[in-house]
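Architecture and fold: a report
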2 protein chains.
Amino acid sequence: MNVLLVFAHPEPRSLNGALKDFSVRRLERAGHVVQVSDLYAMKWKAALDADDNTAPLLGSRFNPSADSKRAYENGTQSADIEREQSKLRWADAVILQFPLWWFTMPAILKGWVDRVYAYGFAYGVGEHSDSHWGDRYGEGSMAGKRAMLVVTTGGWASHYGSRGINGPIDDILFPIQHGVLFYPGFDVLPPHVIHRTSKVTEASFGEVCESLGKRLDALWTTPPLRFRRQNAGDYLIPELTLREELAPGKSGFAVHTEST
Amino acid sequence: MNVLLVFAHPEPRSLNGALKDFSVRRLERAGHVVQVSDLYAMKWKAALDADDNTAPLLGSRFNPSADSKRAYENGTQSADIEREQSKLRWADAVILQFPLWWFTMPAILKGWVDRVYAYGFAYGVGEHSDSHWGDRYGEGSMAGKRAMLVVTTGGWASHYGSRGINGPIDDILFPIQHGVLFYPGFDVLPPHVIHRTSKVTEASFGEVCESLGKRLDALWTTPPLRFRRQNAGDYLIPELTLREELAPGKSGFAVHTEST
């Protein structure tokens, strides 16, 4: 299978860099083909702007979504964006690996999402009708592909627990797992989170790798998170609110996952 | 009073640009002094990296937090970072204005947070003991200052409601309001969110401005969100989990706000 690993850490000789190298070896030894988008090494441009369309502006104003749509349709996107989209089309599974900085991904990775996720590619896909509100949240260009986050934090696991002060890690990652990955159609696997990275020693590094390695070995067999599909009947359209009879009386991120 | 408006949209002649201009005029007419950090106009560098310290690396590896600490302590931070920190020290209130892209801030603004929020400035502040786990979540360099988000979305308000498919807007913004703003000590006001921006017309623009204007007029009087202070007794230290008797049996982001 084809795996795209998108990696966002500035130091190759960091724990994150070592884990990225480990992942590539582990996946290749299992017979997979791996491409790495090492965003810092690529000097990835983070800020979405008018230069992302190689064609001149229509009119005098840059409109982020309208220009993204036009560039995608006309084949005038900048080459770095097209290359990443080709990798995504090629991939059977995508891993986003990053340190959690201020409770989300580093800016350079956010800029990969902002720019690669073009209108017509990752959003603005599919028809809108009374029963279908675009191909999104379970349908879309990434349908049939798997995705997983590999995340490191400096903080303790308890700080990210169900009543930990930072908020539960699953809720912190929801906008990424549900909003960035499930939205264009990925099947999203549970995240692999490594806490308290400053305490990882040479002695414990082997265990950290083995734990990650098991997740990589199970990339094709791990059941994905059971996010609810938008157009399968659970939501009113166009309000896109969960039907009253589902998770009655409850609210928040959790209602968008089917209970087991 | 002094207001810093950090603005992250690539097109000055957009709705966001017009709202930014409106905000500056409104605040200045009320007698406040306003500085704008227009990140796109400033060509803000989004990616945190070793160049953020003008001194050479110690050793051969770049360590994001250790190097941030060293640069901050030694006065060797890059000039763009120092300028933004000075603006933050100067400000009595900070407004972050941005379009919601993929359920969080645009990359360029995330890069402002990643880089300006240095170790010793926004984190790694204060003592750690059995009863105090650093000056954070209600204490810190930004204590006594107010902060507010002004956010635009393309989607409908119902999509961001308590059972809307995107998740509740308050939960989507929690990692920013609680994790980026309350963490270094800001009093965080309720956000001002403008939905369905493509439907704002010349006719309705005045109402959109007036609604925002009322929030700006009340910047000094609006009660802040009642996030729980870390070191005031609500949390076990060092686990940083909410004490059992508070919000008993509950979990998730909501438990970190005191009920009224």
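Throughout what follows, the structure given in this document is the object of discussion. (Residues numbered from 1 in each chain as written. Chains lettered and ligands numbered in written order. Predicted model: local features only at pLDDT ≥ 70, side-chain atom pairs only at ≥ 80, totals over all residues.)

1. Observations concerning the overall build of chain A
How we decide: A helix here means a DSSP run of H or I that spans at least four residues, while a strand means a run of E at least two residues long, and both kinds are numbered starting from the N terminus. Atoms counted for the radius of gyration: C-alpha only. Globule rule: 2.2 Å times residue count to the power 0.38. To sort residues by exposure, count the other C-beta atoms lying within 10 Å of each residue's C-beta; 20 or more gives buried, 12 or fewer gives exposed, and values between give partly exposed, all with C-beta atoms placed from the backbone. In this description, any two residues whose backbone-derived C-beta atoms lie within 7 Å of each other are considered to be in contact.
For chain A, the count of helices and strands is seven helices and six strands. Taken over C-alpha atoms, the radius of gyration comes to 19 Å for chain A, in line with the 18 Å a tight globule of 260 residues would show. Across its three principal axes, chain A shows a C-alpha extent of roughly 60 × 50 × 35 Å. Every one of the 260 residues in chain A was classed for burial, and the buried ones make up 45%. Here the contacts in chain A between residues at least 6 apart in sequence split such that 74% fall between residues at least 24 apart.

2. Brief notes about the nonpolar core
Worth spelling out the cut-off: We define a nonpolar core as a collection of buried residues of the types Ala, Val, Leu, Ile, Met, Phe, Trp, Tyr and Cys that are connected via C-beta atoms lying within 7 Å of each other.
Grouped together as the largest cluster of nonpolar side chains are 134 residues, with contacts concentrated most on I108 of chain A together with I108 of chain B. Not counting residues up to four positions away in its chain, the partners in contact with I108 of chain B are A46 and A47 of chain A together with A8, L39, Y40, W44 and A46 of chain B.

3. Observations concerning the environment of E73 of chain A
Within the secondary structure, E73 of chain A is located in helix α2 (residues 64–74). In this structure, the C-alpha to C-alpha distance between E73 of chain A and G120 of chain A, residues 47 residues apart in sequence, is 7.4 Å.

4. Here's the deal with the packing of helix α3 (residues 79–90) of chain A against helix α4 (residues 107–116) of chain A
Residues and elements named next belong to chain A. So the rule is basically this: Fitted lines through C-alpha atoms give the axes, limited to the stretch in contact for helices. The angle between two N-to-C directions lies from 0 to 180 degrees. Should an angle lie under 35 degrees it is considered roughly parallel, over 145 roughly antiparallel, and from 65 to 115 roughly perpendicular; all remaining angles are considered oblique. Nonpolar residues are Ala, Val, Leu, Ile, Met, Phe, Trp, Tyr, Cys and Pro. Charged residues are Asp, Glu, Lys and Arg, and all others, Gly as well, are polar.
Orientation of α3 relative to α4, taken along the N-to-C sense of each, is 90°, at an axis distance of 10 Å. Here α4 runs roughly perpendicular to α3, going by the angle between their axes. Listed contacts from α4 to I81, E84 and Q85 of α3 are W112, R115 and V116. Its residues assigned to classes, the contact of α3 with α4 comprises three nonpolar, one polar and two charged.

5. Observations regarding the relation of the copies chain A and chain B
We apply this condition: We place the copies in one frame by least squares, fitting the C-alpha atoms of every residue whose pLDDT is at least 70 in both.
Mapping chain A onto chain B is achieved by rotating through 180° and translating by 0.0 Å along the same axis, at an RMSD of 0.0 Å. Viewed as a symmetry operation, the transformation between the two copies matches a two-fold axis. Taking C-alpha positions as reference, the residue of chain A nearest the rotation axis is A107 of chain A, located at 2.4 Å. Taken together, the interface assignments show that 100% of the residues at the interface of chain A recur at the interface of chain B, consistent with an identical surface on both copies.

6. Section: the pairing of strand β3 (residues 93–99) of chain B
Residue and element names in this part refer to chain B. We apply this condition: Note on pairing: two strands pair once DSSP finds at least 2 bridges between them. Orient the strands so they point away from the viewer; a crossover is then right-handed if the path from the first strand over the helix to the second runs clockwise.
With seven of seven residues buried, β3 lies mostly within the body of the structure. What you see with β3 is no split at all: A93, I95, Q97 and P99 on one side and V94, L96 and F98 on the other are buried throughout. Judged from the five bridges that link them, strand β1 (residues 2–7) and β3 form a sheet pairing that is parallel. When the sheet's bridge partners are listed, F7 is paired in β3 with Q97. Strand direction decides the pairing type here: β3 and strand β4 (residues 146–152), joined by seven bridges, are parallel. The residue of β4 that forms the bridge with I95 is M148. Regarding topology, helix α4 (residues 107–116) serves as the crossover connection from β3 to the parallel β4, and that connection is right-handed.

7. Topic: the interface of chain A and chain B
Opposite the 53 residues of chain A that make contact, chain B presents 54 residues. If you list the elements that add at least two residues to the side of chain A that touches chain B, you get α4 and α5 (169–182) of chain A. A per-class count over the side of chain A that touches chain B returns 28 nonpolar, 16 polar and nine charged.

8. Section: helix α1 (residues 15–29) of chain A
Residues and elements named next belong to chain A. To keep things clear, this is the line we draw: Expected span, for any helix, means 1.5 Å times one less than how many residues it has. To be clear, the arc concerns the directions from the helix axis to the C-beta atoms.
End to end, α1 covers 21 Å across 15 residues, agreeing with the expected 21 Å (1.5 Å per residue, within 8%). Residues of α1 that are buried: N16, L19, K20, S23 and L27. When α1 is viewed along its axis, its buried side chains cluster within an angular range of 105° and face the same direction. Facing away from the buried side of α1 by more than 90 degrees, the exposed set consists of E28 and R29.

9. Focus: the environment of L212 of chain B
All names here are of chain B. Looking at the secondary structure, you find L212 in helix α6 (residues 202–217). Given 18 C-beta atoms within 10 Å, L212 falls into the partly exposed group. Through-space distance from the C-alpha of L212 to that of S60 is 49 Å; in sequence the pair is 152 residues apart.

10. Here's the deal with the pairing of β4 of chain B
Residues and elements named next belong to chain B. Extensive coverage of β4 is indicated by the burial of seven of its seven residues. The two faces of β4 match: R146, M148, V150 and T152 on one face and A147, L149 and V151 on the other face are all buried. Here β4 runs beside strand β5 (residues 187–188); their pairing, made up of two bridges, is parallel. Among the inter-strand pairings, R146 is bridged to a residue of β5, identified as D187. The pairing of β4 with strand β6 (residues 192–194) spans three bridges and is classified as parallel. Across the sheet, residue T152 finds its bridge partner in β6, namely I194.

11. With respect to α5 of chain A
Its 14 residues place the ends of α5 of chain A only 17 Å apart at the C-alpha level, less than the 20 Å of an ideal helix rising 1.5 Å per residue. By the criterion of burial, α5 of chain A is predominantly enclosed, with 13 of the 14 residues buried.

12. Comments concerning the packing of helix α1 (residues 15–29) of chain B against α6 of chain B
All names here are of chain B. Going by this rule: Each crossing is labelled by how the near helix is turned from the far one, with a counterclockwise turn of less than a right angle marking it left-handed and a clockwise turn marking it right-handed.
Between α1 and α6, the least distance of the axes is 10 Å, while the angle of their chain directions is 45°. Considering the angle they form, α1 stands oblique to α6. Our pair here, α1 against α6, has a crossing hand that is right-handed. From α1, L19, F22, S23, R26 and L27 reach across to α6, where they touch C209, L212, G213 and L216.

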